Amino acid sequence: MTLRIHNSLSRTLIDFEPLEPGHVRLYVCGMTIYDLCHVGHARMMMAFDVVTRWLRASGYRVTYVRNITDIDDKIIRRATERGLTLRALTDEMTEAMHRDIAALGIERPTHEPRATDYVPQMLTMISQLEERGLAYRAASGDVNYAVRRFPGYGKLSGKSLDQLRAGERVAVAEGKDDPLDFVLWKAAKPEEPLDARYESTFGPGRPGWHIECSAMSCALLGETFDIHGGGLDLQFPHHENEIAQSEGASGQPFAKVWMHNGFLNVDNEKMSKSLGNFFTIRDVLQHFDGETIRFFMLRTHYRSPFNYSSDGLTDARNALRRLYTALDGVALDGVDHAAVDWTHPFARRFKEAMNEDFNTAIAVSVLFDLAAELNRTRDPKLGAQLRALAGVLGLLQQEPIQFLRAKIKLSRHQVEKFRAFGVLGASLLPISSTPAPVEINEDASVDALIQERADAKMRRDFVAADRIREQLVAMGILLKDTPSGTTWVRS
């Protein structure tokens, strides 16, 4: 079975073959590291974590580069606000990122270059562009890229120059020959800190955002490599500008395949601090364990829009419990937990799904079919196969009892935030009367719902009471009302 990937450049599914047999070179645009990573960042990193895992499971050696942007207007502004050096701020945020994404099972890339370590390579590329007539010096001291001098500009976004507009991060400033021109080198400003300034033949300054990725990918993967990835929001202008810079400087094709993951919404709205529905990874990890968040994301194909909601997270946790419950009690001693038998019908279906543009949604459905067969037979070999296939996706590697009895800590403030903005169902947890963290588990959540239902019945709010009963049924909880109270059992 041949791996097929949707290439954003050609807008088609293509049969994938790496430029170097057996070796895939992958570059993904990483974080601008001035704050904690949010769930949109997690979605992007999760998508390419799975891509890398599947390529390796398919027998490829993978060189995966995901950069860190550690110099940028937002970084300078935040460091100044906090009275920190740029390095102190970005070190702190990088460490936080590593900790948060590790909780989601996202593995480190092969290389994680910091932009500030590659300024010499950026200056070399800018000089090459100037020599080729694709860059010009503005009166402000900036060096800009002349977009209309590059014949292929617009091929990734599929629009002509006249259709394109300056993107969010392309400032239309004085000194540009064209509004679409973008900055390669920003001249230093008197008010900027000294650690944001580098000496160059163009004068003191710092690199523009787009040139950073071109220089780092070229330095670590070569002028032409296999796959370039990132979020759909980066397709224009960032990735379009990368192509213009890289191909303009080298005269060679840049990336063979372009991959973009779909947008993330929260309760069907764009995530935004102004809307109050903005959540960092760390926020959500206070309530939902990392594997549940991972599983939740993998149930949606990476190119599809992803809707982040309380219902989705709760359903994901319950579904993941079903998989762990299928494994619970199956004797796996003496059975290889890691090796997949790719000749097995379930494994063949899993492989077909993953080879069709990394279709994790279908691959996860295969895991449930396999779990159903395991529940019927209790065959240890099927249990080992389920665990091994799930392991390819970074799932089901805990001991079942460890996951099924997991406890979570929430403070009153955290519960209120989750309730207010839809990441936690309004009736899922009681709010503690004190700000101290409260420890909860599945049984505590059930008891809280039962009490809330009883309160609703006392108020004669039977609509709310029925809704809570339905919620409990969906969680696999059966209620029995008696004169002395309500009891419950798991179905």
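Residues numbered from 1 in each chain as written. Predicted model: local features only at pLDDT ≥ 70, side-chain atom pairs only at ≥ 80, totals over all residues. Heavy atoms only, no water.

## Structural notes on the overall build of the chain
And step 1. On a plain count of helices and strands, the chain comes out with 16 helices and 17 strands.
And step 2. The buried share of the chain, taken over its 491 residues, is 53%.
And step 3. Just so you have it, the chain exposes about 21,700 Å², and 51% of that area is on carbon and sulfur atoms. (Helix = DSSP H or I, 4+ residues; strand = E, 2+ residues; numbered from the N terminus. Buried < 20%, exposed > 50% of the residue type's maximum accessible area, 1.4 Å probe, protein only. Areas by Shrake-Rupley, 256 points an atom, 1.4 Å probe, with all protein chains shown as cover.)

## Some details on the sheet that holds strand β8 (residues 205-207)
And step 1. Strands sit in the order β5-β6-β7-β8 across an open sheet of 4 strands; the sheet is antiparallel. Unpaired on one side and paired on the other, β5 (135-137) and β8 mark the two borders of the sheet. Going from strand to strand, the sheet's axes swing by 25° on average, the running direction of each strand aside.
And step 2. Pairing of strand β6 (residues 143-145) with strand β7 (residues 182-187), which is carried by 3 bridges, proceeds in the antiparallel orientation. (Pairing = 2+ DSSP bridges. Axes fitted to C-alpha atoms, helices over the stretch in contact; angles between N-to-C directions.)

## Topic: the pattern of salt bridges
And step 1. Taken as a whole, this structure holds 28 salt bridges when the rule is applied.
And step 2. Across the pair E356 and R4 runs a salt bridge whose closest N-O atoms are separated by 2.5 Å. Linking E356 in the loop between α10 (345-355) and α11 (360-377) with R4 in strand β1 (residues 4-7), this pair joins segments that are 352 residues apart in sequence.
And step 3. Looking at E356, the relative accessible area reads 32%, which means it is partly exposed.
And step 4. A salt bridge links E130 to R137; the shortest N-O distance between them is 2.8 Å.
And step 5. When its relative accessible area of 27% is taken as the criterion, E130 is described as partly exposed.
And step 6. Salt bridges sharing partners connect three or more residues here, namely D49, R53, E107 and R294. (Salt bridge = Lys/Arg side-chain N within 4 Å of Asp/Glu carboxyl O.)

## Some thoughts on the nonpolar core
And step 1. In terms of nonpolar packing, the biggest core is built from 91 residues, with I5, L55, I227, M259, F350, L393 and L396 touching the most fellow members.
And step 2. Here the element with the most residues in this core is helix α1 (residues 39-57); it accounts for 11 residues.
And step 3. With residues up to four places along the chain from it excluded, the contact list for M259 reads I5, H6, S8, F48, V51, I227, H228, G229, G230, Y302 and F358.
And step 4. Counting 40 residues, the second largest nonpolar core, distinct from the first, contains V65, F150, L156 and W185. (Core = buried A, V, L, I, M, F, W, Y, C linked by side-chain atoms within 4.5 Å. Contact = heavy atoms within 4.5 Å.)

## A short note on the confidence of the model for the chain
And step 1. For the chain, per-residue confidence averages 87 on the pLDDT scale, and residues scoring 70 or more make up 85% of the total.
And step 2. In the model, residues 166-171 has pLDDT below 50 throughout and makes 18 contacts with residues more than four positions away in sequence or in other chains.
And step 3. Taken together, the stretch residues 421-441 has pLDDT below 50 and engages in 69 contacts with residues farther than four places along the chain or on a different chain. (pLDDT = per-residue confidence, 0-100.)

## Description of the packing of helix α2 (residues 73-82) against helix α3 (residues 86-103)
And step 1. Contact geometry for α2 and α3: axes closest at 9 Å, N-to-C directions at 100°. Relative to α3, α2 is oriented roughly perpendicular. For the pair α2 and α3, the contacting residues are I75, I76, R78, A79 and R82 in the first and L86, L89, T90, E92 and M93 in the second.
And step 2. Each residue belonging to the contact of α2 with α3 can be placed in one class, and the counts come to 6 nonpolar, 1 polar and 3 charged. (Parallel < 35°, antiparallel > 145°, perpendicular 65-115°, else oblique. Nonpolar A, V, L, I, M, F, W, Y, C, P; charged D, E, K, R; others polar.)

## Details of helix α12 (residues 380-392)
And step 1. With 13 residues, α12 extends 19 Å from end C-alpha to end C-alpha; this agrees with the ideal 18 Å at 1.5 Å per step.
And step 2. For α12, the buried fraction is high: 10 of the 13 residues fall into the buried class.
And step 3. Structurally, α12 contributes buried residues whose contacts are with α1, α9 (310-327), α10 and α11.
And step 4. Of the residues flanking the end of α12, it is G394, one or two places downstream, whose phi is positive at about 80°. (Expected span 1.5 Å × (residues − 1).)

## Describing the sheet that holds strand β10 (residues 255-261)
And step 1. If you walk across this open sheet you meet the 4 strands as β4-β3-β9-β10, and the pairing is parallel. The open sheet terminates on both sides in strands that have one partner only, identified here as β4 (61-69) and β10. Between one strand axis and the next, the sheet turns by 20° as a mean value, whatever way the strands run.
And step 2. Relative to strand β9 (residues 225-231), helix α6 (residues 235-250) is tilted by about 160°, and along the sheet it contacts β3 (23-32), β9 and β10.

## Thoughts on the state of the cysteines
And step 1. Taken as a whole, this structure holds 0 disulfides when the rule is applied.
And step 2. C213 carries a free sulfur, and the closest cysteine sulfur to it, the one in C29, is 3.8 Å from it. (Disulfide = S-S within 2.5 Å.)

## Structural notes on the packing of aromatic side chains
And step 1. A full pass over the atoms with the stated rule returns 14 aromatic pairs.
And step 2. Ring plane angle 55° and centroid distance 5.9 Å describe the contact between F254 and W258, whose orientation is recorded as tilted.
And step 3. Aromatic side chains F296 and Y308 sit 5.7 Å apart centroid to centroid with 50° between the ring planes, which places their arrangement in the tilted category. Taken as a pair, F296 in helix α8 (residues 290-298) and Y308 in strand β13 (residues 306-308) lie far apart in primary sequence, 12 residues in all.
And step 4. On the basis of relative accessibility, which here comes to 0%, the residue Y308 falls in the buried class.
And step 5. An aromatic cluster is present here, built from Y27, F225, F254 and W258 joined pairwise through their rings.
And step 6. Here R317 stacks its cationic end above the ring of F403, 4.9 Å away from the centre of that ring. (Phe/Tyr/Trp six-rings, centres within 6.5 Å; stacked < 30°, edge-to-face > 60°. Lys NZ or Arg CZ within 6 Å of the ring centre and 35° of its normal.)

## Some thoughts on unusual backbone geometry
And step 1. Residue P237 is bonded to the preceding F236 through a cis peptide linkage, with omega at 10°.
And step 2. With respect to the secondary-structure elements, P237 resides in helix α6.
And step 3. Not every positive phi belongs to a glycine, and D357 is a case in point at roughly 60°.
And step 4. Counting through the fold element by element, D357 comes out in the loop between α10 and α11.
And step 5. A positive phi angle, close to 55°, is found at R378, a residue other than glycine.
And step 6. Tracing the backbone shows R378 in the loop between α11 and α12.
And step 7. What makes R378 partly exposed here is its relative accessible area of 34%.

## With respect to the side chain of S250
And step 1. In this fold, S250 is placed in helix α6.
And step 2. Here the side chain of S250 touches Q252 through a polar contact of 3.0 Å, landing on its backbone nitrogen.
And step 3. For S250, the residues in contact, after removing those within four places along its chain, are R132 and E223. (Polar contact = N/O pair within 3.5 Å; in protein donor to acceptor, adjacent residues only side chain to side chain.)

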